[in-house]
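In case you want the letters, here they are:
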Amino acid sequence: MAGMDLRSRSIREQMASALDLIVHLSRLRDGTRPRTHISEVMGMEGDVIVLQDLYLYDYSMGIDATGPGSSASSRAPGSDPGSPNGSPTTA
């Protein structure tokens, strides 16, 4: 596809049809790189790729005796009453 002039919508459509999941890693202050998000690619809405979060890393657990971030936990969106209902987000 080198040398071809593609519109950004065409590129987004190709990405939305080619990808099923996106796994995002982040480096924490203690140097670890946990999975912070796992998102499902739902498709396109107009010119926007729609994502559904399947897994979120919970940073709110704070620090314990083993170090910063080590007491953080993971959760599925909508798994506790105070969390968002897991509705799709757009990228």
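Right above here is the structure, for reference.
None of these values were measured; they are calculated from a predicted model.

> I keep staring at the overall build of the protein and nothing clicks. Help me out?
Across its full length, the protein carries 1 helix and 7 strands. Residues classed as buried in the protein amount to 26% of the 91 residues present. Considering only intrachain contacts with a sequence separation of at least 6, the fraction spanning at least 24 residues in the protein is 26%. Accessible surface computed for the protein: about 6,400 Å², of which carbon and sulfur atoms make up 53%.

> How should I be thinking about the environment of Arg35 in this particular structure?
With respect to the helices, strands and loops of the structure, Arg35 is situated in strand E2 (residues 35-45). Sequence separation of Arg35 and His24 is 11 residues, and the distance between their C-alpha atoms is 5.9 Å.

> Could you clarify how one ought to interpret the side chain of Ser39 in this entry?
Tracing the chain through its elements places Ser39 in strand E2. Side-chain polar atoms of Ser39 contact the side chain of Asp53, separated by 2.7 Å. Not counting residues within four places of it along the chain, the set of residues in contact with Ser39 comprises Asp20, Leu21, Ile22, Leu51, Gln52, Asp53 and Leu54.

So, how was this worked out
- Residues numbered from 1 in each chain as written.
- Predicted model: local features only at pLDDT ≥ 70, side-chain atom pairs only at ≥ 80, totals over all residues.
- Heavy atoms only, no water.
- Helix = DSSP H or I, 4+ residues; strand = E, 2+ residues; numbered from the N terminus.
- Buried < 20%, exposed > 50% of the residue type's maximum accessible area, 1.4 Å probe, protein only.
- Contact = heavy atoms within 4.5 Å.
- Areas by Shrake-Rupley, 256 points an atom, 1.4 Å probe, with all protein chains shown as cover.
- Polar contact = N/O pair within 3.5 Å; in protein donor to acceptor, adjacent residues only side chain to side chain.

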